[in-house]
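# Results of the structural survey
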Amino acid sequence: LCVSLCVVFFLMIRRPPKSTLDRSSAASDVYKRQIMNRLLDIGFKAVGHWLLTDGKLSFNLIRYASERNILYSFVCDGQVKYVGKSVRSLSERLYGYKNPGLTQSTNIKNHNLLKDAIAAGATIEIFALPDRGLIHYGVFHLNLAAALEDDIIRVMNPDWNLSLIHISEPTRPY
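Cut-off values and rules
- Residues numbered from 1 in each chain as written.
- Predicted model: local features only at pLDDT ≥ 70, side-chain atom pairs only at ≥ 80, totals over all residues.
- Heavy atoms only, no water.
- Helix = DSSP H or I, 4+ residues; strand = E, 2+ residues; numbered from the N terminus.
- Expected span 1.5 Å × (residues − 1).
- Buried < 20%, exposed > 50% of the residue type's maximum accessible area, 1.4 Å probe, protein only.
- Patch = residues over 30% accessible without salt bridge, like charges linked within 9 Å, V, L, I, M, F, W, Y side chains within 5 Å.
- Areas by Shrake-Rupley, 256 points an atom, 1.4 Å probe, with all protein chains shown as cover.
- Salt bridge = Lys/Arg side-chain N within 4 Å of Asp/Glu carboxyl O.
- Arc of directions from axis to C-beta.
- Phe/Tyr/Trp six-rings, centres within 6.5 Å; stacked < 30°, edge-to-face > 60°.
- Lys NZ or Arg CZ within 6 Å of the ring centre and 35° of its normal.

## Examining helix 5 (residues 144-156)
The terminal C-alpha atoms of helix 5, which comprises 13 residues, lie 17 Å apart, in line with the 18 Å expected from a rise of 1.5 Å per residue. Three or more residues of helix 5 are buried, namely L144, A145, L148, E149, D151, I152, I153, V155 and M156. Where helix 5 terminates, the next one or two residues include N157, which has phi positive at roughly 50 degrees.

Shown next as structure tokens:
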């Protein structure tokens, strides 16, 4: 019941007018802090951080490293920059950002964004919300990470996620 109420509470967030989404506005900063608080309210926990040592990207996880079906977020100096999900362990997923393959465009993009932000002096924390298998619909287990990721990105529009604005209601066959 608590998870359901928290999810409904989160989904009730309304975006501010476009004028307050200007990266330099004080209203935008307040809005971004409210979003971070909403993630914490639904159960996201600080689980680690990204490091840059001798030009090499690495991460340190203090919990949830082996958790699967997990929703995660990269938070740069208190502002949510990226939200993702993984059916693999969190450690395995983050390894893809640390060492992206030649054809892994999302991993390459985030690898470079992480390195650039840290090199510029930013702190990048990793937050996560594991799926504990508590939500069921009859005999079916609902994957919380899969259910929340798209809507969280749509509502928050993190800078490092591709915009999901173009995703709307499913098209109806005529």
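## A word on a nonpolar patch on the surface
Nonpolar side chains collect at one region of the surface, where Y137, V139, F140 and L142 lie side by side and expose about 510 Å² of accessible area between them. By the element assignment, V139 lies in the loop between strand 6 (136-137) and strand 7 (140-141).

## Digging into helix 4 (residues 105-119)
Its 15 residues give helix 4 an end-to-end C-alpha distance of 21 Å, which sits within 8% of 21 Å, the value for a rise of 1.5 Å per residue. Buried within helix 4 are the following residues: N107, N110, H111, L114, A117 and I118. The arc that holds the buried residues of helix 4, viewed along the axis, is 140 degrees, so those residues lie on one side. Those residues of helix 4 that are exposed and aimed more than 90 degrees away from the buried face are S105, D116 and A119.

## A word on the pattern of salt bridges
The tally for this structure, following the rule as stated, stands at 4 salt bridges. Residue D159 pairs with K81 through a salt bridge whose shortest N-O separation is 2.7 Å. With D159 in the segment after helix 5 and K81 in strand 4 (residues 79-86), the pair connects residues that are 78 residues apart, well separated along the chain.

## A look at the packing of aromatic side chains
Enumeration over the complete set of coordinates arrives at 8 aromatic pairs. Judged by centre distance (5.4 Å) and plane angle (70 degrees), the ring pair of W50 and F59 falls under edge-to-face. Seen in terms of ring centroids, F74 and Y97 are 5.3 Å apart; in terms of plane orientation they differ by 80 degrees. Their pairing is edge-to-face. A residue pair is termed long-range when its members are at least 10 positions apart, and F74 in strand 3 (residues 70-76) and Y97 in helix 3 (residues 90-98) qualify at 23 residues. Of the two residues, F74 and Y97, neither departs from the other in class, the shared state being buried. One aromatic cluster in this structure is built from W50, F59, Y72, F74, Y82 and Y97. In this structure, R93 is placed above the aromatic ring of Y97, and the distance from its NZ or CZ to the ring centre is 4.1 Å.

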